[in-house]
Amino acid sequence: MPTHSHNAISTSEAIILVKAFPQIGTKHGETVCVAGVTRSGEWLRLFPVTFRKLDDSKQFKRWDIVRFDWRSPTDDRRPESRHLLLNSLEIIGDVPQRDRQSLLSPIEHRGLSSIRAEGKSLALIRPVVDRFKIEKKSDAEIAKETASYQTAVSQTDMFDERTLKAIQPCPYKFSYHYKTEENGETFKRTGTCQDWEVQATYYRWRKLYGEEKALAEINRVFGEEYPQKGMLFAMGTHSQYPDTWLINGIIRMDELGQLSLPF
């Protein structure tokens, strides 16, 4: 990455591929892991993004194209990371379905080892999914997360007029057991799925169907339908644990527009 003064402000554009579920950090409070690629396929990680405080006109989704100002971070050495100046963020368009395959194909990889060896911390891979796992969190885990979310919203900025309700932590953890082929060798991996879509879908379906049916539908869609249709994982490393890869986003192959449907 070219040298960039920590104080210098630059402007970039990115196509959003990752919007993970909000997490609580000690420094920035409630933030969302956001990542995307430039039109030339360069990965960018945008932070801190307090997504729920964004104006409605700025609440982006996958495939939106955003323009933003940024500085080099002082506390994150991952090469793709950009310290976002949140007020500068604007949505300037989106990528139509017909153009998505050609955008992602050049950056798709079969495994993670070579990516990590190059010092990169974001990657797009096509896994072979063995199993989708739904695991109930312990009461202690839920209590800890609840307290963290409540603390985050209580520490409001006096200049911020938007008040937020504390997020109710999802009572379940979702993960994939999957395989990758790397240099002729098969690696078995497990990754926690942090894609906001999974947890938002759980809440929506629980309200519609009740707990038992919601979980059954989550398993059917994310555990059976997605792997059968084909899916990509947008992977990212943990800022404190550079060898730990998380599934920050999942992309269905039928989102890419390469399928010709008979209707």
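Residues numbered from 1 in each chain as written. Predicted model: local features only at pLDDT ≥ 70, side-chain atom pairs only at ≥ 80, totals over all residues. Heavy atoms only, no water.

Novice: Please give an account of the overall build of the chain that cites residues and values.
Specialist: Broken down by element type, the chain carries five helices and 14 strands. Over its C-alpha atoms the chain spans a radius of gyration of 19 Å, differing by no more than 12% from the 18 Å that the globule rule assigns to 263 residues. When each of the 263 residues of the chain is scored for burial, the buried share is 44%. Of the contacts made within the chain by residues no fewer than 6 positions apart, 67% connect residues no fewer than 24 positions apart. Total accessible area on the chain is roughly 14,400 Å²; 48% of this is exposed by carbon and sulfur atoms. Looking at the chain, you have 38 positive and 36 negative side-chain charges, and the mean spots of the two groups are 1 Å apart. (Helix = DSSP H or I, 4+ residues; strand = E, 2+ residues; numbered from the N terminus. Rg over C-alpha atoms; globule rule 2.2 N^0.38 Å. Buried < 20%, exposed > 50% of the residue type's maximum accessible area, 1.4 Å probe, protein only. Contact = heavy atoms within 4.5 Å. Areas by Shrake-Rupley, 256 points an atom, 1.4 Å probe, with all protein chains shown as cover. Lys, Arg positive; Asp, Glu negative; His and termini not counted. Charge placed at Lys NZ, Arg CZ, Asp CG, Glu CD.)

Novice: Which residues make up the sheet that holds strand 11 (residues 172-182), and what values go with them?
Specialist: The strands making up a sheet associate through backbone hydrogen bonding, with each pair oriented either parallel or antiparallel. A sheet is described by the order of its strands in space; here three strands give the open sequence 10-11-12, paired in antiparallel fashion. Edge positions in the sheet fall to strand 10 (128-136) and strand 12 (185-192), since each has one partner strand and no second. The average angle at which neighbouring strand axes cross in this sheet is 15°, direction not considered. Pairing of strand 10 with strand 11 involves eight bridges; the strand directions are antiparallel. (Pairing = 2+ DSSP bridges. Axes fitted to C-alpha atoms, helices over the stretch in contact; angles between N-to-C directions.)

Novice: Break down unusual backbone geometry for me, citing the residues and quoting the values.
Specialist: Most peptide bonds are trans, and most residues other than glycine sit at a negative phi. Residue Pro48 follows Phe47 across a cis peptide bond; omega there is -10°. Within the secondary structure, Pro48 is located in the loop between strand 5 (43-47) and strand 6 (64-71). Even without being glycine, Trp63 reaches a positive phi, approximately 85°. Of note, Trp63 is situated in the loop between strand 5 and strand 6. What makes Trp63 buried here is its relative accessible area of 3%. Notably, Asn183 is not glycine yet its phi reads approximately 55°, a positive angle. Along the chain, Asn183 turns up in the loop between strand 11 and strand 12. The exposure class of Asn183 is exposed, given its relative accessible area of 78%.

Novice: Please give an account of the packing of aromatic side chains that cites residues and values.
Specialist: Tallied over the full model, the rule gives 12 aromatic pairs. For the ring pair Phe51 and Trp196, a centre distance of 5.4 Å and an interplane angle of 70° mean the geometry is edge-to-face. With Phe51 in the loop between strand 5 and strand 6 and Trp196 in helix 4 (residues 196-209), this residue pair connects regions lying 145 residues apart in the sequence. No difference in accessibility class separates Phe51 from Trp196, as the two residues are buried. With centroids separated by 6.4 Å and ring planes inclined at 50°, the aromatic side chains of Trp205 and Tyr209 adopt a geometry described as tilted. Placement of the pair is Trp205 and Tyr209 together in helix 4, with a separation of four residues, close to one helical turn. Taking relative accessible area as the criterion, Tyr209 reaches 39% and is therefore assigned partly exposed. Chaining the aromatic ring pairs together yields one cluster made of Phe132, Phe174, Tyr176, Tyr178, Phe222, Tyr226 and Phe233. Against the face of Trp70 rests Arg82, its NZ or CZ located 4.6 Å from the ring centre. (Phe/Tyr/Trp six-rings, centres within 6.5 Å; stacked < 30°, edge-to-face > 60°. Lys NZ or Arg CZ within 6 Å of the ring centre and 35° of its normal.)

Novice: Quick one: what's the story with the nonpolar core, residue by residue and with numbers?
Specialist: In terms of nonpolar packing, the biggest core is built from 26 residues, with Phe174, Tyr176, Tyr178, Phe222, Phe233, Met235 and Ile250 touching the most fellow members. The set of elements that each furnish at least two residues to this core consists of strand 9 (122-125), strand 11, helix 4, helix 5 (211-229), strand 13 (231-237) and strand 14 (245-252). With six residues, helix 5 is the single largest residue contributor to this core. When sequence neighbours within four positions are dropped, the list of residues in contact with Tyr176 reads Val129, Arg131, Phe132, Arg189, Thr190, Gly191, Cys193, Phe222, Met231, Phe233, Ile247 and Ile250. Counting residues in hydrophobic clusters, the runner-up holds 20 residues, among them Val32, Val34, Phe68 and Leu86. (Core = buried A, V, L, I, M, F, W, Y, C linked by side-chain atoms within 4.5 Å.)

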